[in-house]
Amino acid sequence: MTESDRNLSPAEVEVVDLCRELIEFDTSNYGDHSGPGERKAAEYVASRLDEVGVESKIYEKHPGRSNVVARITGEDSSRPPLLIHGHLDVVPAAAEDWTHHPFAAEIADGCIWGRGAIDMKNMDAMMLAVVRQRLREGRRPPRDIVLAFLADEEAGGTWGAQYLVDEHPELFADCDAAISEVGGFSFTINENRRLYLVETAEKGIAWMKLTARGTAGHGSMTNRDNAVTELAAAVTRLGEYEFPLHLTPTVRTFLEEICEEFEIPFEEKNLDATVARLGPIAKMIGATLRNTLNPTVLGGGYKANVIPGEATAQIDGRFLPGTEEEYFAKVDELLGPKVSREFIHHLPAVETSFDGGLVNAMSEALQAEDPGAKTVPYCLSGGTDAKSFSRLGIRNYGFVPLKLSPELDFAGMFHGVDERVPLDGLQFGVRALDRFISLS
């Protein structure tokens, strides 16, 4: 510990080393089985829990795709446990694109740099640091806590949360609520006011493969049944279509809070202008105003003078809570009769209300560390393991407390280059998470 660290708690000091050591494990998830897997990182987590007397177990559906689950006994085990979960996998990173190597976990400019620094080995480290300090000091949580460090979130959770919910639901069956990623971070209004965005909803995921079939033939001849032409027209219709504005309860509340803070009227017909004022997080929030369809992959044919009998495409579709039926009706209308679709990955939209004791605990914990804090709910345009745990009736919240500089492009860190987390943000998170656990 340096002189500048003298007033830091053991957890605030340790979280830095834990985060760096977790980043150094390359747990890249390529969406198949070509990556290194999560096993080494899972063993590391299990060993750190074992050092403070927490018994854990590693679960695997596929070799190397490892999950760690542990249960800490609280003061009142008659209460439903709280689930705190994070994932150990990360998206791939090309080292040549980065300022600092993505798996070196270097400290520079007051930050830890590396793949997973934000998504989401920062929270994994905070979970470990807080639990280790509490147990060393003999401080049990008010109720049981289930810790889960999961595999495969970046590819939908097939070998992680989905597998555990399907085959080991007893591990979480008595949990009533959970916290995890992509929430609890600050958005600065002014030097004395910060909104902390707590995720209470997520758009559903529909990754789809489209197939058009036609008559194969010679490229020099007339062909009115061309699979490539039919597919291209359908992909264009999908990609150019803009869904109408749809405000879910979460999105409406968030925008009303934003308008109040900026002291501007809430004008439903001019919400895009309101969102534009959000700076770096505008893209994330803007994507929750309506459903979306984005073509991502095209395939068809093998030779310039051969008309193929089949052409394919892939689409990334995202739909808001409560809109799934009408969403797919519109997709099928846009596709037309000659193009079929099948799911590559399909997960539901989820939404819970922003109320209750857990929400109050978040607000109180943040305000104790930042007097200018105010919590607000928001909807995530992407997806997390919350989708799997919601199937067990668990209310899910994104809550990784981070006080961030307004200059930091937080949203751009997710799956981007030069991902990094501020050291003081990590230490703030440890303090807030520890308070939250005590209040929960």
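Residues numbered from 1 in each chain as written. Predicted model: local features only at pLDDT ≥ 70, side-chain atom pairs only at ≥ 80, totals over all residues. Heavy atoms only, no water.

1. Description of the pattern of salt bridges
Part 1 of the reasoning: Going through the model one piece at a time under the given rule, you end up with 32 salt bridges.
Part 2 of the reasoning: A salt bridge links R143 to D176; the nearest nitrogen and oxygen atoms lie 3.0 Å apart. Taken together, the residues span a long stretch of sequence, with R143 in the loop between α3 (121-136) and β6 (145-150) and D176 in the loop between α4 (161-167) and β7 (177-180) at a distance of 33 residues.
Part 3 of the reasoning: Judged by its relative accessible area of 33%, D176 is partly exposed.
Part 4 of the reasoning: Residues joined by salt bridges that share partners form a network here, namely E14, E21, R48, E51, R132 and R136. (Salt bridge = Lys/Arg side-chain N within 4 Å of Asp/Glu carboxyl O. Helix = DSSP H or I, 4+ residues; strand = E, 2+ residues; numbered from the N terminus. Buried < 20%, exposed > 50% of the residue type's maximum accessible area, 1.4 Å probe, protein only.)

2. What to know about helix α10 (residues 357-369)
Part 1 of the reasoning: Compared with an ideal rise of 1.5 Å per residue, which puts 13 residues at 18 Å, α10 spans 19 Å between its outermost C-alpha atoms and is within 8% of the ideal.
Part 2 of the reasoning: For α10, the full list of buried residues reads L358, V359, A361, M362, S363, A365, L366 and E369.
Part 3 of the reasoning: Against the buried residues of α10 lie β3 (82-87), β7, β9 (193-202), β17 (373-380), β18 (395-398) and α13 (423-439). (Expected span 1.5 Å × (residues − 1). Contact = heavy atoms within 4.5 Å.)

3. Observations regarding the environment of L293
Part 1 of the reasoning: Relative to the helices and strands, L293 resides in strand β12 (residues 292-300).
Part 2 of the reasoning: Between the C-alpha atom of L293 and that of G317, which follows or precedes it by 24 residues, the distance is 4.5 Å.
Part 3 of the reasoning: The residues contacting L293, other than those within four sequence positions of it, are M208, L238, G239, F243, I315, D316, G317, Y327, V331 and L334.

4. A short note on the packing of helix α5 (residues 227-240) against helix α9 (residues 324-335)
Angle between the axes and distance between the axes are the two parameters that describe a pair of packed helices.
Part 1 of the reasoning: At their nearest, the axes of α5 and α9 sit 8 Å apart, and the two run at 140 degrees to each other. It follows that α5 is oblique to α9 by the angle criterion. For the pair formed by α5 and α9, the contact residues are A234, R237 and L238 on the first element and V331, L334 and L335 on the second. (Axes fitted to C-alpha atoms, helices over the stretch in contact; angles between N-to-C directions. Parallel < 35°, antiparallel > 145°, perpendicular 65-115°, else oblique.)

5. Regarding the packing of aromatic side chains
Part 1 of the reasoning: Counted under the stated rule, the structure contains 13 aromatic pairs.
Part 2 of the reasoning: Arranged with centres 5.2 Å apart and planes meeting at 80 degrees, the rings of Y327 and F328 form a pair that is edge-to-face. For the pair Y327 and F328, a shared accessibility class is recorded, and that class is buried. (Phe/Tyr/Trp six-rings, centres within 6.5 Å; stacked < 30°, edge-to-face > 60°.)

6. Here we look at the sheet that holds strand β5 (residues 111-113)
Part 1 of the reasoning: If you walk across this open sheet you meet the 3 strands as β4-β5-β19, and the pairing is antiparallel. Two strands in the sheet have a free side with no partner beyond their single neighbour: β4 (107-108) and β19 (420-422).
Part 2 of the reasoning: Inspection of the sheet shows β4 paired to β5 by 2 bridges, in the antiparallel sense. What sits directly across from I107, in β5, is I112.
Part 3 of the reasoning: Sitting on the sheet, helix α1 (residues 10-24) touches β4, β5 and β19, and the angle it makes with β5 is about 15 degrees. (Pairing = 2+ DSSP bridges.)

This is a description of form; function is not addressed.
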